[in-house]
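The lines below spell out each chain.
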Amino acid sequence: MPRRRAMAKAITLLESTRADHRAQADAMLTELLPHTGKALRLGISGVPGVGKSTFIEALGLYLIAQGLKVAVLAIDPSSTVSGGSILGDKTRMQQLCVEENAYIRPSPSSGTLGGVAEKTREAMLVCEAAGYDAVIVETVGVGQSETAVHGMTDMFCVLQLPNAGDDLQAIKKGVMELADLVVVNKADIDPRAAIRTRTQITSSLRLMAMQGNPAYAMNDPQRWHPRVVTISALKGEGVQDFWAAVSEFRRLQTANGALAARREQQALAWMWERIDAGLRTAFRQHPKVQELLPQMQQDVVAGRIAASTAARNLLSAQAGQALAAIN
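Residues numbered from 1 in each chain as written. Predicted model: local features only at pLDDT ≥ 70, side-chain atom pairs only at ≥ 80, totals over all residues. Heavy atoms only, no water.

1. Observations concerning empty space enclosed by the protein
Empty space among the atoms becomes apparent when a probe as large as a water molecule is rolled across them.
Okay, step 1: Evaluated as defined, the whole model comprises 1 cavity of 30 Å³ or more.
Okay, step 2: Space inside the largest cavity adds up to approximately 50 Å³.
Okay, step 3: Residues of the lining of the largest cavity, tallied by class, amount to 5 nonpolar, 2 polar and 3 charged. (1 Å grid on protein atoms, 1.4 Å probe; cavity = no way out; pocket = protein on both sides within 12 Å on 5 of 7 lines; lining within 4 Å. Points joined across faces, edges and corners; volume = space filled by probe spheres on them. Nonpolar A, V, L, I, M, F, W, Y, C, P; charged D, E, K, R; others polar.)

In structure tokens, the structure reads:
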């Protein structure tokens, strides 16, 4: 229990926007970094109602029974009006949340695009340093745009429903072309529809492989090829087959070096993401920008100036003072 409390406080510190807290959080991450990297990072995405929480609970209970420790980072959609979130994912995993070897942390998306929270990467490192064997990230669940979790996990799994659409719907890209494993959930409701959906998605994955992407090349036995499995999370059926596929993925990608390369690319992408966020914050706080912004906003709203022109004026105001300071 003390470790859980410490983890909760650490993640809360990471999510804080105060400057002094950010400095403490950066120092903490530097200390934790040597103790991270050993867990399997698993991203779970899918449309609302596909059964992500039920699936994660069934998977978590299965892994705990195998002697593993499981951490779940559940991202909850935030209100665009109040900014608040219900954070109800923990209450939906009633069996898993009482397990000693499980840790569930719901976090608000706070308007961050891509289905994850802004500090999800940092929270994953805390869970790894605490000794958890698997870190599962459950995305918000808004459809075809949840690609951010692919950029922070080792394996990206997309949950689908039987009879969720026609052949064309199954071929749609978005998250599908990034998926390492597609899971057709709720197969117990209509087994024949589940088999049909599995066949359609398998065909669509093969079509993507024919586009020349080396990652999808089907003629290399040393590489992982995206595949489809059917499960019933509610009944716990198919979870063992799912984990067998995950284990094979980890073995292959570790042996051929793809997993290490993926993490290296993700670390660099994370750095540039934070640079972009920092530059955006610095721009808004720039004195010249704050001085010019009210007038620019009024002109844009009144139609006296195009939004693109106003943006260039604001950028020029910031750049002008920066050049003056250099000279």
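2. With respect to the pattern of salt bridges
Okay, step 1: Using the criterion set out here, one finds 10 salt bridges in the structure.
Okay, step 2: Close ionic contact of Arg22 with Asp26 constitutes a salt bridge, the shortest N to O distance being 3.4 Å. One end of the pair is Arg22 and the other is Asp26, both in helix α2 (residues 19-32) and 4 residues apart, which spans about a single turn.
Okay, step 3: By relative accessible area, Asp26 is classed as partly exposed at 42%.
Okay, step 4: Salt-bridge contacts for Arg227 lead to Glu248; the nearest nitrogen and oxygen are separated by 3.1 Å. In this pair, Arg227 sits in strand β7 (residues 227-230) while Glu248 sits in helix α8 (residues 239-255), placing the two residues 21 residues apart along the sequence.
Okay, step 5: Residue classification places Glu248 among the partly exposed positions, given a relative accessible area of 29%.
Okay, step 6: Each of Arg121, Glu273 and Arg274 takes part in a single network of salt bridges with overlapping partners. (Salt bridge = Lys/Arg side-chain N within 4 Å of Asp/Glu carboxyl O. Helix = DSSP H or I, 4+ residues; strand = E, 2+ residues; numbered from the N terminus. Buried < 20%, exposed > 50% of the residue type's maximum accessible area, 1.4 Å probe, protein only.)

3. Thoughts on the environment of Leu42
Okay, step 1: On the secondary structure map, Leu42 appears in strand β1 (residues 40-46).
Okay, step 2: The exposure class assigned to Leu42 is buried, which follows from its relative accessible area of 2%.
Okay, step 3: Separated by 111 residues in the primary sequence, Leu42 and Thr153 have C-alpha atoms spaced 5.5 Å apart.
Okay, step 4: The contacts of Leu42, once residues within four sequence positions are left out, are Leu59, Val135, Ile136, Val137, Thr153, Met155, Cys157 and Phe242. (Contact = heavy atoms within 4.5 Å.)

4. Some points on the packing of α2 against helix α5 (residues 120-129)
Okay, step 1: Put simply, α2 and α5 touch, their axes get as near as 10 Å, and they point 45 degrees apart. Judged on the interaxial angle alone, α5 and α2 are oblique. As for how α2 packs across α5, the hand of that crossing is left-handed. Of α5, the residues touching α2 (which contributes Arg22, Leu29 and Leu32) are Glu122, Leu125, Val126 and Ala129.
Okay, step 2: Among the residues making up the contact of α2 with α5, the classes are represented as 5 nonpolar, no polar and 2 charged. (Axes fitted to C-alpha atoms, helices over the stretch in contact; angles between N-to-C directions. Parallel < 35°, antiparallel > 145°, perpendicular 65-115°, else oblique. Left-handed = near helix turned anticlockwise from the far one by under 90°.)

5. Observations concerning the pairing of β1
Okay, step 1: By the criterion of burial, β1 is predominantly enclosed, with 7 of the 7 residues buried.
Okay, step 2: The alternating pattern of β1 places Leu40, Leu42, Ile44 and Gly46 and Arg41, Gly43 and Ser45 on opposite faces, both of which are buried.
Okay, step 3: The sheet contact formed by β1 and strand β4 (residues 134-138) spans 5 bridges and is parallel. The partner of Arg41 across the bridge, within β4, is Val135.
Okay, step 4: The sheet contact formed by β1 and strand β5 (residues 155-160) spans 5 bridges and is parallel. Bridge assignment links Ser45 to a residue of β5, and that residue is Val158. (Pairing = 2+ DSSP bridges.)

6. Structural notes on the environment of Leu13
Okay, step 1: Note that Leu13 resides in helix α1 (residues 2-15).
Okay, step 2: Note on Leu13: relative accessible area 17%, which makes it buried.
Okay, step 3: With 10 residues separating them in the primary sequence, Leu13 and Ala23 have C-alpha atoms 9.9 Å apart.
Okay, step 4: Those residues in contact with Leu13 that lie beyond four places of it in its chain are His21, Gln24, Ala25 and Met28.

7. So, the sheet that holds β4
Okay, step 1: Spatial strand order, β3-β2-β4-β1-β5-β6-β7: 7 strands in an open sheet with parallel pairing. Lying at the two open borders of the sheet, with one neighbouring strand each, are β3 (102-108) and β7. Mean inter-strand twist for the sheet, computed between neighbouring axes without regard to direction, equals 20 degrees.
Okay, step 2: Pairing between strand β6 (residues 181-184) and β7: 4 bridges, direction parallel.

8. Description of α8
Okay, step 1: With 17 residues, α8 should cover 24 Å at 1.5 Å per step; its first-to-last C-alpha distance of 24 Å lies within 8% of that length.
Okay, step 2: In this structure, the buried residues of α8 make contact with β1, α3 (52-65), β5, β6, β7 and α9 (258-285).
Okay, step 3: At the exit of α8 stands Gly257, carrying a positive phi of roughly 85 degrees. (Expected span 1.5 Å × (residues − 1).)

9. A look at the packing of aromatic side chains
Okay, step 1: Evaluation of the coordinates by the stated rule reveals 3 aromatic pairs.
Okay, step 2: With a centroid separation of 4.9 Å and an interplanar angle of 90 degrees, the aromatic rings of Phe55 and Phe242 are classed as edge-to-face. One end of the pair, Phe55, is in helix α3; the other, Phe242, is in helix α8, with 187 residues separating them in the sequence.
Okay, step 3: Taking relative accessible area as the criterion, Phe242 reaches 0% and is therefore assigned buried.
Okay, step 4: Seen in terms of ring centroids, Tyr103 and Tyr132 are 6.4 Å apart; in terms of plane orientation they differ by 50 degrees. Their pairing is tilted. A residue pair is termed long-range when its members are at least 10 positions apart, and Tyr103 in strand β3 and Tyr132 in the loop between α5 and β4 qualify at 29 residues. Here Tyr103 and Tyr132 have matching classes, each one buried.
Okay, step 5: Looking at Lys69, its charged tip hangs above the ring of Tyr132, at a distance of 4.6 Å from the centre. (Phe/Tyr/Trp six-rings, centres within 6.5 Å; stacked < 30°, edge-to-face > 60°. Lys NZ or Arg CZ within 6 Å of the ring centre and 35° of its normal.)

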